[in-house]
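Architecture at a glance
Next come the chains, spelled out residue by residue.
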Amino acid sequence: MHRIIATTALAFSLLLGSAQAEDRPTLEIVWPAAGSVIELGNDAEKAIGVIVRSNLTLLPAGECGDNSQCGHVHMKIDPDGDSCNIPGRPYNSMNSDLGGDLIKARFGHCPDAAGKHVIGILLADDHHKPVLVDGKPVTALVTVTTK
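Residues numbered from 1 in each chain as written. Predicted model: local features only at pLDDT ≥ 70, side-chain atom pairs only at ≥ 80, totals over all residues. Heavy atoms only, no water.

Quick word on the side chain of Asp-126
Assignment of secondary structure puts Asp-126 in the loop between strand E8 (115-124) and strand E9 (132-133). Buried charge without a salt bridge: Asp-126, with Lys-129 as the nearest opposite-charge side chain at an N-O distance of 11 Å. One polar contact links the side chain of Asp-126 to the main-chain amide nitrogen of Gly-62, over a distance of 2.5 Å. Among the polar contacts made by the side chain of Asp-126, one reaches the main-chain amide nitrogen of Cys-64 at a distance of 3.3 Å. Apart from residues lying up to four places away in sequence, Asp-126 is in contact with Pro-60, Ala-61, Gly-62, Glu-63, Cys-64 and Gly-65. (Helix = DSSP H or I, 4+ residues; strand = E, 2+ residues; numbered from the N terminus. Buried < 20%, exposed > 50% of the residue type's maximum accessible area, 1.4 Å probe, protein only. Lys, Arg positive; Asp, Glu negative; His and termini not counted. Salt bridge = Lys/Arg side-chain N within 4 Å of Asp/Glu carboxyl O. Polar contact = N/O pair within 3.5 Å; in protein donor to acceptor, adjacent residues only side chain to side chain. Contact = heavy atoms within 4.5 Å.)

In structure tokens form, the structure reads like this:
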């Protein structure tokens, strides 16, 4: 009898633990895939669309209200530096104006638009502050080659 109770308690605690883990904010880059060769846009920004996925609702900044499971995405190209940022901004792009799962990567701001690049995205809250898990920002990276 004690064995059944202990086994049931263990299973219940495992179920609770995994439910809490699923509630943790997640972020991934769906497209482009790692290692992709991407043709740049013909516009001055040489922009491509990047599709992201998160278990948070991605809305325009300021529209999340009381929903703590809500935010938007900030992007940096080659995030180890600032060379691809929009001049005067700490990022290359963000989807805080429109929300959703699409964000524009503007390779035209990079010194060399064509070549190997890292696309980095950061999950931000309604006030543009990084969403943290275990004290670390929720981010995703993908390396691509542009031409």
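Overview of the pattern of salt bridges
Overall, the coordinates contain five salt bridges when judged by the stated rule. Here Arg-24 makes a salt bridge to Asp-134, at a shortest N to O gap of 2.5 Å. Taken together, the residues Arg-24 in the loop between helix H1 (2-22) and strand E1 (27-31) and Asp-134 in the loop between E9 and strand E10 (136-137) connect sequence positions 110 residues apart.

Remarks on a nonpolar patch on the surface
On the surface, Val-30, Trp-31, Ile-51 and Leu-102 cluster together into a nonpolar patch covering about 340 Å² of accessible area. Here Trp-31 is to be found in strand E1. (Patch = residues over 30% accessible without salt bridge, like charges linked within 9 Å, V, L, I, M, F, W, Y side chains within 5 Å. Areas by Shrake-Rupley, 256 points an atom, 1.4 Å probe, with all protein chains shown as cover.)

A look at the nonpolar core
Formed by 27 residues in total, the largest nonpolar core has its most connected members in Val-50 and Phe-107. What Phe-107 contacts, discounting residues up to four positions off in sequence, is Leu-40, Glu-45, Lys-46, Ile-48, Ile-77, Ala-113, His-117, Ile-119 and Thr-146. (Core = buried A, V, L, I, M, F, W, Y, C linked by side-chain atoms within 4.5 Å.)

Considerations on the confidence of the model for the protein chain
Here the protein chain shows a mean pLDDT of 85. Residues at 70 or above account for 85%. The model gives residues 1-22 a pLDDT under 50, and that stretch makes one contact with residues more than four places away or in other chains. (pLDDT = per-residue confidence, 0-100.)

Observations regarding the state of the cysteines
Applying the stated criterion across every chain yields a total of two disulfides. Paired through a disulfide, Cys-64 and Cys-70 show a sulfur-sulfur distance of 2.0 Å. Where Cys-64 bonds to Cys-70 through sulfur, the torsion about that S-S bond is close to -70 degrees, and the disulfide is left-handed. Relative accessible area serves as the criterion here: at 3%, Cys-70 is assigned to the buried category. Sulfur-sulfur distance for the disulfide between Cys-84 and Cys-110 comes to 2.1 Å. On the sign convention where negative means left-handed, the S-S torsion of about 125 degrees between Cys-84 and Cys-110 marks this disulfide as right-handed. Of this pair, Cys-84 sits in the loop between strand E5 (70-77) and strand E6 (93-94) while Cys-110 sits in the loop between strand E7 (102-106) and E8, and the two are 26 residues apart along the sequence. Comparing Cys-84 with Cys-110 shows no difference in burial state: the two are buried. (Disulfide = S-S within 2.5 Å.)

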